[in-house]
Amino acid sequence: MPGGSFSYQNQTAMQVVAKVATTAGSVIIPSRDNDQVSIQPRYPASPWHWDTATMDKIVPASMVISLSANWRPEQAYNAVYVSGTNAGVAVNVKRTGTNGDNPAPDILEDWLTEMQVNTERGRNELAKGGNQSITTIELPLTDINTAPGLIEPGMLVEVQDTVLGESGNWKALCLATSISASGVGTVIQTIELERHY
């Protein structure tokens, strides 16, 4: 970052890390095993590329205990202007294959100072739009040797469902995971998935 564009006061180290992450369109994922965090894109792949993206986990529909969905349509923007305010670069990010005729509100922040960061922020902003639902699934938490295992926030998930030879498979982004135990030896994971249509 150019001198003078990165400053803060009266914030904890974690608040500063969170600001840097969100400025770039990323999220913070805490480690399960140690005192570390990872910063990764909010969308590892854009929803319009999920058909060809590598999925982190595969869930057979036969494992699903319960499923519910809440419809959450968002504006389907196909362009966004991303720029630093006092320093840096301005980037007009357009979704590939569109003419960028439905722009999102401009994003202007002091810390948007590099082409790659600004482009990634724009991609993540466009990725969150369109028709979608938050789908909640309960399924058994299997051990590490049995698929799918623990499904964590930030993972891309494919739910495989074939009915009478027709594929009803769909893909989504895991937003949250909670774990509960009921009875002897039964551990359930409840995952919230962002599913785009």
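Keep in mind the model is a prediction, meaning the values are calculated, not measured.

So what about the sheet that holds strand β5 (residues 79-83)? Which residues, and what values?
The strand order across the open sheet built from 3 strands is β6-β5-β7, with neighbouring strands paired in mixed fashion. The open sheet is flanked by β6 (90-94) and β7 (107-108), the only strands paired with a single partner. Relative to β7, β5 runs parallel, the two sharing 2 bridges. Counterpart to Val 82 in the pairing with β7 is Ile 107. Against the sheet, helix α2 (residues 115-127) makes contact with β5, β6 and β7, and its axis sits at roughly 35° relative to β6, the strand it touches most.

Would you mind going over the side chain of Lys 57 in detail, with residue names and values included?
Of note, Lys 57 is situated in strand β3 (residues 57-60). One polar contact links the side chain of Lys 57 to the main-chain carbonyl oxygen of Pro 148, over a distance of 2.8 Å. Not counting chain neighbours up to four residues away, the residues in contact with Lys 57 comprise Pro 148, Gly 149, Leu 150, Ile 151, Met 155, Leu 156, Val 157 and Glu 158.

Give me the lowdown on the environment of Asn 118, citing residues and values where you can.
Here Asn 118 is to be found in helix α2. Asn 118 gets classed as buried once you look at its relative accessible area, which sits at 0%. Residues Asn 118 and Asp 51, spaced 67 residues apart in sequence, show a C-alpha to C-alpha distance of 25 Å. Beyond its immediate stretch of four places on either side in the chain, Asn 118 contacts Val 82, Ser 83, Gly 84, Val 89, Val 91, Val 93, Leu 112 and Thr 113.

The rules behind each value
Counting starts from 1 at the beginning of each chain's written sequence and moves along it residue by residue. Totals for whole chains, interfaces and linings use every residue, but because this is a predicted model, local features are given only for residues with pLDDT of at least 70 and side-chain atom pairs only at 80 or more, for both listing and counting. Hydrogens and water are ignored here; the side-chain numbers use all heavy atoms of the structure. Two strands form a pair only when DSSP identifies at least two bridges running between them. In this text, helices come from DSSP runs of H or I with a minimum length of four residues, and strands from runs of E with a minimum of two, each type numbered from the N-terminal end. Contacts: residue pairs with any heavy atoms within 4.5 Å of one another. A fitted line through C-alpha atoms serves as each axis, taken over the contacting stretch for helices, and the angle formed by two N-to-C directions is quoted from 0 to 180°. Any pair of N or O atoms that falls within 3.5 Å is considered a polar contact. Within protein, one atom must be able to donate a hydrogen and the other to accept it, and sequence-neighbouring residues count only if both atoms are side-chain atoms. For every residue, the accessible area (1.4 Å probe, protein chains only) is compared with the maximum for its type, and the residue is labelled buried under 20%, exposed over 50%, or partly exposed between those bounds.

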